[in-house]
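Chain by chain, the residues run as shown.
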Amino acid sequence: LHAANFASDEVYRQDNFDPHPSDRPLVVQFCGDVPATLLAAARHVEARCDAVEINCGCPQGIARRGHYGAFLLDEPDLIVSMVSLLASQLSVPVLVKMRTVRSREEPAAGEGV
């Protein structure tokens, strides 16, 4: 879920978050890069989920353009600030989805063989 849209748009929330009671455990994943916005979005779901997850794993171009997902991995201080704020303010656990990234020096599978 896009944190900025979820935090500010009731229609977006209604269209994109309608869990069934049997959807447990339920982890709600947000993408974003502004700690206060992530917190505002998470506040809308914390009473209806078991954990909130920050997406730091999406490698798609839309994540690059939106400044979220795996493209935040180069900004560990930003990730720490997002996790710290959410963890200190929410009543549910905060998770981070991360993608392992090859080092720039390491050849991709099948390269250099």
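Here is a short report on the structure shown in this document. Keep in mind that what you see is a predicted model, and the values were worked out from it rather than measured.

## Some thoughts on the nonpolar core
Residues Phe30, Val45, Val52, Leu86 and Leu90 are the most contacted members of the largest nonpolar core, which totals 24 residues. Among the elements of the structure, helix H1 (3–8), strand S1 (27–30), helix H3 (35–43), strand S2 (51–56) and helix H5 (76–89) are those that each provide at least two residues to this core. Discounting residues that sit within four places of it in the chain, Val52 has contacts with Val28, Phe30, Ala42, Val45, Leu86, Leu90, Val92, Pro93, Val94 and Leu95.

## Focus: the packing of H3 against H5
A pair of packed helices is characterised by two quantities: the angle between their axes and the separation of those axes. Orientation of H3 relative to H5, taken along the N-to-C sense of each, is 35°, at an axis distance of 9 Å. As H3 runs across H5, the sense of the crossing is right-handed. Taking contact as the criterion, the partners of Pro35, Ala36, Leu38, Leu39, Ala42 and Arg43 in H3 are, on H5, Leu78, Ser81, Met82, Leu85, Leu86 and Gln89. The residue makeup of the contact of H3 with H5, split by class, is 9 nonpolar, 2 polar and 1 charged.

## A few points about the environment of Leu90
Inspection of the secondary structure puts Leu90 in the loop between H5 and strand S3 (94–98). Judged by its relative accessible area of 10%, Leu90 is buried. When the C-alpha atoms of Leu90 and Ala51 are compared, they prove to be 9.3 Å apart, with 39 residues separating the residues in sequence. If we ignore the near neighbours within four places in the chain, the residues touching Leu90 are Leu39, Ala42, Arg43, Glu46 and Val52.

## A closer look at H3
Pro35, Leu38, Leu39, Ala41 and Ala42 are the residues of H3 that are buried. Buried residues of H3, seen end-on, are gathered within an arc of 165° and therefore sit on one face of the element. Each element contacted by the buried residues of H3 is listed here: H1, S1, S2 and H5.

## Things to note about the environment of Ala70
Within the element layout of this structure, Ala70 appears in the loop between helix H4 (61–66) and H5. Accessibility expressed as a relative area gives 15% for Ala70, which makes it buried. Spatially, the C-alpha atoms of Ala70 and Lys97 are 9.0 Å apart, while their sequence positions differ by 27 residues. With sequence-adjacent residues up to four places away left out, Ala70 is seen in contact with Cys56, Gly57, Cys58 and Pro59.

Calculation notes
- Residues numbered from 1 in each chain as written.
- Predicted model: local features only at pLDDT ≥ 70, side-chain atom pairs only at ≥ 80, totals over all residues.
- Heavy atoms only, no water.
- Core = buried A, V, L, I, M, F, W, Y, C linked by side-chain atoms within 4.5 Å.
- Buried < 20%, exposed > 50% of the residue type's maximum accessible area, 1.4 Å probe, protein only.
- Helix = DSSP H or I, 4+ residues; strand = E, 2+ residues; numbered from the N terminus.
- Contact = heavy atoms within 4.5 Å.
- Axes fitted to C-alpha atoms, helices over the stretch in contact; angles between N-to-C directions.
- Left-handed = near helix turned anticlockwise from the far one by under 90°.
- Nonpolar A, V, L, I, M, F, W, Y, C, P; charged D, E, K, R; others polar.
- Arc of directions from axis to C-beta.

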